[in-house]
Amino acid sequence: MYPFFFRHVLARLDPERAHHLAFTVIRLIPSRGIGRLVHAFTRPRTDQAVHTLGLRFDSPFGVAAGFDKDGLAVIGLGRLGFGHVEVGTITALPQPGNPKPRLFRLVPDRAVINRMGFNNQGAAAAAVRLARVGSIAGRPVLGINIGKSRATAVDDATSDYLVSARALAPLADYLVVNVSSPNTPGLRGLQELDQLAPLLTAVRAASGSTPLLVKIAPDLRDEEVTRIAELVVRLGLDGIIATNTTISREGLSTDAARIEAIGAGGLSGAPLRARSLAVLRLIRASVPAGLCVISVGGIDTAADVAERLDAGATLVQGYTASLFSGWECAGSRVCSAVMLTA
């Protein structure tokens, strides 16, 4: 049913508008008295639980950062059976993001280009909201992803991240430092070791006992991936998320003129599958078995989830594939139909 619905209904809507419609439905699930009924059909099997970061994840499969930027739908997503929800990216300062249009479907490639630009209400507003979420029984594991405010100079990035870390780490089950989005000028330069090491050291100190992970780009060279993995181990961080979106446009089936017209932004979806898997294998070969490695990028089916777990992923995340076909019960009994317009 879904491919037909996508072709004839959803594909006719602006992608960002479709996202907001889906998001509204998900937010309403707990408040309309159907949350328990939905969860009865979507809850993961008990044998799929994962223990990592000092936490119990009911399922290895979760929602990647980007879907719920402000932490507004955590409980609804949990009712849909996701083992964890990573909210954000949240910045110290509220910001509207980049001008619209900023989200584009590449249907022949089962991919999306976005240049959202960390649109969110800021760390202070998120802290108030997520404090309430944290007190709700039965919620999924909550990850909070933080990034640099656009208005903050790169030279002042550490102090900017620290504002968010201090406000949000006490509310997070795990905290993620995002230095890999292509949509904030200068951000990816923070992956250079001479900048990344002091940044992560400072955020580590500010995060207290909250597990800390770093999210990296797929466009790093193999040796850079390995060096960052070694840095994570040396600094005593708790994990790595691999990978963010790519700036590459190689091998796409979508008409080149359309790609050119869309312009800048991060590409996600099926074309990222091979590189994301390769980066996962590089990391796993460079870190201890107990380090949490979360794999994201090109996850479409339950077979994709199984492949990442077999390659050494501790947990797996998805987002873009839901736009085109929904989740094929990816790694659990997740069949989140209302997320499909995202």
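Below is a short write-up of the structure. (Residues numbered from 1 in each chain as written. Predicted model: local features only at pLDDT ≥ 70, side-chain atom pairs only at ≥ 80, totals over all residues. Heavy atoms only, no water.)

Observations concerning the overall build of the protein chain
Part 1 of the reasoning: Helices and strands together make up the secondary structure of the protein chain, namely eleven helices and 13 strands.
Part 2 of the reasoning: Buried residues in the protein chain amount to 57% of all 342 residues.
Part 3 of the reasoning: Taking the intrachain contacts of the protein chain between residues at least 6 apart in sequence as the baseline, contacts between residues at least 24 apart amount to 73%. (Helix = DSSP H or I, 4+ residues; strand = E, 2+ residues; numbered from the N terminus. Buried < 20%, exposed > 50% of the residue type's maximum accessible area, 1.4 Å probe, protein only. Contact = heavy atoms within 4.5 Å.)

A few points about the packing of helix H5 (residues 123–134) against helix H6 (residues 157–168)
When two helices pack together, their arrangement is captured by the angle between the axes and the distance separating the axes.
Part 1 of the reasoning: Their axes nearest at 9 Å, the elements H5 and H6 cross at an angle of 15 degrees. Taken together, H5 and H6 sit at an angle that is classed as roughly parallel. The interaxial crossing formed by H5 with H6 has right-handed handedness. Across from Ala123, Ala126, Ala127 and Leu130 in H5, the residues of H6 making contact are Ser164, Ala167 and Leu168.
Part 2 of the reasoning: Looking at the contact of H5 with H6 residue by residue, the class counts come to six nonpolar, one polar and no charged. (Axes fitted to C-alpha atoms, helices over the stretch in contact; angles between N-to-C directions. Parallel < 35°, antiparallel > 145°, perpendicular 65-115°, else oblique. Left-handed = near helix turned anticlockwise from the far one by under 90°. Nonpolar A, V, L, I, M, F, W, Y, C, P; charged D, E, K, R; others polar.)

Describing unusual backbone geometry
Part 1 of the reasoning: Between lysine 100 and proline 101 the backbone carries a cis peptide bond, its omega angle lying at 0 degrees.
Part 2 of the reasoning: Of note, proline 101 is situated in the loop between strand S4 (84–91) and strand S5 (103–106).
Part 3 of the reasoning: Cis rather than trans, the peptide bond between alanine 242 and threonine 243 has omega equal to 15 degrees.
Part 4 of the reasoning: Within the fold, threonine 243 resides in the loop between strand S10 (239–242) and helix H9 (256–262).

Re the sheet that holds strand S11 (residues 266–269)
The strands that make up a sheet are held in pairs by hydrogen bonds between backbone atoms, and each pair lies either parallel or antiparallel.
Part 1 of the reasoning: Strands sit in the order S5-S6-S11 across an open sheet of three strands; the sheet is antiparallel. This sheet does not close on itself; its edge strands, each paired only once, are S5 and S11. This sheet shows a mean twist of 25 degrees between the axes of neighbouring strands, independent of strand direction. (Pairing = 2+ DSSP bridges.)

Digging into empty space enclosed by the protein
Part 1 of the reasoning: One pass over the structure, following the stated rule, counts one cavity of 30 Å³ or more.
Part 2 of the reasoning: Considered as a void within the structure, the largest cavity measures approximately 690 Å³ in volume.
Part 3 of the reasoning: Along the walls of the largest cavity sit 42 residues, with Ala65, Asn114, Thr245, Ser268 and Tyr319 positioned nearest its centre.
Part 4 of the reasoning: Those elements giving two or more residues to the lining of the largest cavity turn out to be helix H2 (15–28), S4, strand S6 (111–114), S11 and strand S13 (315–318).
Part 5 of the reasoning: For the lining of the largest cavity, the leading source of residues is H2, giving three residues.
Part 6 of the reasoning: Residue classes in the lining of the largest cavity are distributed as 17 nonpolar, 20 polar and five charged. (1 Å grid on protein atoms, 1.4 Å probe; cavity = no way out; pocket = protein on both sides within 12 Å on 5 of 7 lines; lining within 4 Å. Points joined across faces, edges and corners; volume = space filled by probe spheres on them.)

Section: the environment of valine 296
Part 1 of the reasoning: Assignment of secondary structure puts valine 296 in strand S12 (residues 292–296).
Part 2 of the reasoning: For the pair formed by valine 296 and glutamine 317, sequence separation is 21 residues and the distance between their alpha carbons is 4.9 Å.
Part 3 of the reasoning: Contacts of valine 296, omitting those with residues within four sequence positions, involve Ala64, Lys215, Ile241, Ala242, Thr243, Ser276, Arg308 and Gln317.

What about the packing of aromatic side chains?
Part 1 of the reasoning: Under the criterion given, the structure shown has two aromatic pairs.
Part 2 of the reasoning: With centroids separated by 5.9 Å and ring planes inclined at 40 degrees, the aromatic side chains of phenylalanine 61 and phenylalanine 82 adopt a geometry described as tilted. Taken together, the positions of phenylalanine 61 in strand S3 (residues 61–63) and phenylalanine 82 in the loop between helix H4 (74–79) and S4 put the pair 21 residues apart, joining distant regions of the chain.
Part 3 of the reasoning: Exposure remark for phenylalanine 82: the relative accessible area of 3% places this residue in the buried category.
Part 4 of the reasoning: Between phenylalanine 67 and tyrosine 319, the aromatic rings sit 5.6 Å apart at their centres with planes inclined by 85 degrees, giving edge-to-face as the arrangement. Pair noted here: phenylalanine 67 is in the loop between S3 and H4 and tyrosine 319 is in the segment after S13, with a separation of 252 residues, a long-range link. (Phe/Tyr/Trp six-rings, centres within 6.5 Å; stacked < 30°, edge-to-face > 60°.)

Considering the environment of leucine 237
Part 1 of the reasoning: Turning to its location among the elements, leucine 237 is positioned in the loop between helix H8 (222–235) and S10.
Part 2 of the reasoning: For leucine 237, a relative accessible area of 5% translates into the label buried.
Part 3 of the reasoning: With 25 residues separating them in the primary sequence, leucine 237 and leucine 212 have C-alpha atoms 5.7 Å apart.

Topic: the pattern of salt bridges
Part 1 of the reasoning: As enumerated under the stated definition, the model contains nine salt bridges in all.
Part 2 of the reasoning: Residues aspartate 173 and arginine 139 are paired through a salt bridge, measuring 2.7 Å at the closest nitrogen-oxygen approach. You can see aspartate 173 sitting in the loop between H6 and strand S8 (174–178) and its partner arginine 139 sitting in the loop between H5 and strand S7 (141–147), a full 34 residues away along the chain.
Part 3 of the reasoning: We classify aspartate 173 as buried; its relative accessible area is 16%.
Part 4 of the reasoning: Note on arginine 139: relative accessible area 23%, which makes it partly exposed.
Part 5 of the reasoning: One salt bridge in this structure joins arginine 275 and aspartate 222, with 2.9 Å as the shortest N-O distance. Of this pair, arginine 275 sits in helix H10 (residues 273–284) while aspartate 222 is found in helix H8, placing the two residues 53 residues apart along the sequence.
Part 6 of the reasoning: Classification of arginine 275 as partly exposed rests on a relative accessible area of 24%.
Part 7 of the reasoning: According to the relative accessible area criterion, aspartate 222 is partly exposed, its value standing at 35%.
Part 8 of the reasoning: Linked through salt bridges whose partners overlap, the residues forming this network are Arg221, Glu223 and Glu224. (Salt bridge = Lys/Arg side-chain N within 4 Å of Asp/Glu carboxyl O.)

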